[in-house]
Amino acid sequence: QVQLVESGGGLVQTGGSLRLSCVGSGRTFSSYAMGWFRQAPGKEREFVGAITRNGGTTYYADSVKGRFTISRDNARNTVYLQMNSLKPDDTAVYYCAADQRYIPSAVSAEYDYWGQGTQVTVSS
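Numbering of residues starts from 1 in every chain and runs along the sequence as written. In view of the model being predicted, local features appear only for residues whose pLDDT reaches at least 70, and side-chain atom pairs are presented and counted only at 80 or more, with totals across whole chains, interfaces and linings using the full set of residues. Excluding hydrogens and water, the side-chain values take into account all heavy atoms of the structure.

A simple rule labels every residue: compare its accessible area, found with a 1.4 Å probe on the protein chains alone, to the largest value its type can have, and call it buried under 20%, exposed over 50%, or partly exposed in between. Secondary structure counts use DSSP, requiring at least four H or I residues in a row for a helix and at least two E residues in a row for a strand, with both numbered from the N terminus. In terms of burial, strand β3 (residues 18–24) is largely enclosed, as five of its seven residues are buried. A pair of strands counts as paired when DSSP detects no fewer than two bridges linking them. Judged from the four bridges that link them, strand β1 (residues 4–7) and β3 form a sheet pairing that is antiparallel. Considered in β3, the bridge of Ser7 is made with Ser21.

Written as structure tokens, this is what we have:
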């Protein structure tokens, strides 16, 4: 089992940057692909991006490609989401999640463990 805790959210102006962190408990963190999702008020949870177990491959939703970067440090049991050129449409609660598959899914229901989420608000 993996427990995940996100941090780094906050209020930022349009065009600004934030870096979210997600720390996982346990010795098996490197056994999981990791994903980032977000959910805005009144909307479904949507895929943001994901990274394979060893960090060798990343995947991104078209809406964030070129602006967001996912990385991980397995020695620190941490996955990061660097968000640049933020827009008001990026406002949401951001969640990290762990997927036991080698190739991470873009479907939230296929993830095994979730963090509690961190709020990101981008002002116009």
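So much for the structure itself; the text now carries on.
The next subject is the packing of aromatic side chains. Two rings from Phe, Tyr or Trp (for Trp, the six-membered ring) form a pair when their centres are within 6.5 Å of each other. A pair whose planes differ by under 30 degrees is stacked, one over 60 is edge-to-face, and the rest are tilted. For the coordinates displayed, the defined rule picks out six aromatic pairs. Relative to Tyr111, the ring of Phe37 has its centre 5.0 Å away and its plane inclined at 80°; by these criteria the two rings are edge-to-face. You can see Phe37 sitting in strand β4 (residues 33–39) and its partner Tyr111 sitting in the loop between β9 (92–99) and β10 (113–114), a full 74 residues away along the chain. Accessibility expressed as a relative area gives 1% for Phe37, which makes it buried. Exposure remark for Tyr111: the relative accessible area of 6% places this residue in the buried category. With a centroid separation of 5.1 Å and 55° between ring planes, the pair formed by Phe37 and Trp114 is classed as tilted. Taken together, the residues Phe37 in strand β4 and Trp114 in strand β10 connect sequence positions 77 residues apart. Members of the aromatic cluster, each reached through a chain of ring pairs, are Phe37, Phe47, Tyr95, Tyr111 and Trp114. A ring is considered to have a charge above it if a Lys NZ or an Arg CZ atom is located within 6 Å of its centre and within 35 degrees of its normal. Stacked on the ring of Tyr95, the Lys or Arg Arg45 has its end atom at 3.9 Å from the ring centre. One Lys or Arg, Arg45, reaches over the ring of Trp114 and ends 4.7 Å from the middle of that ring.

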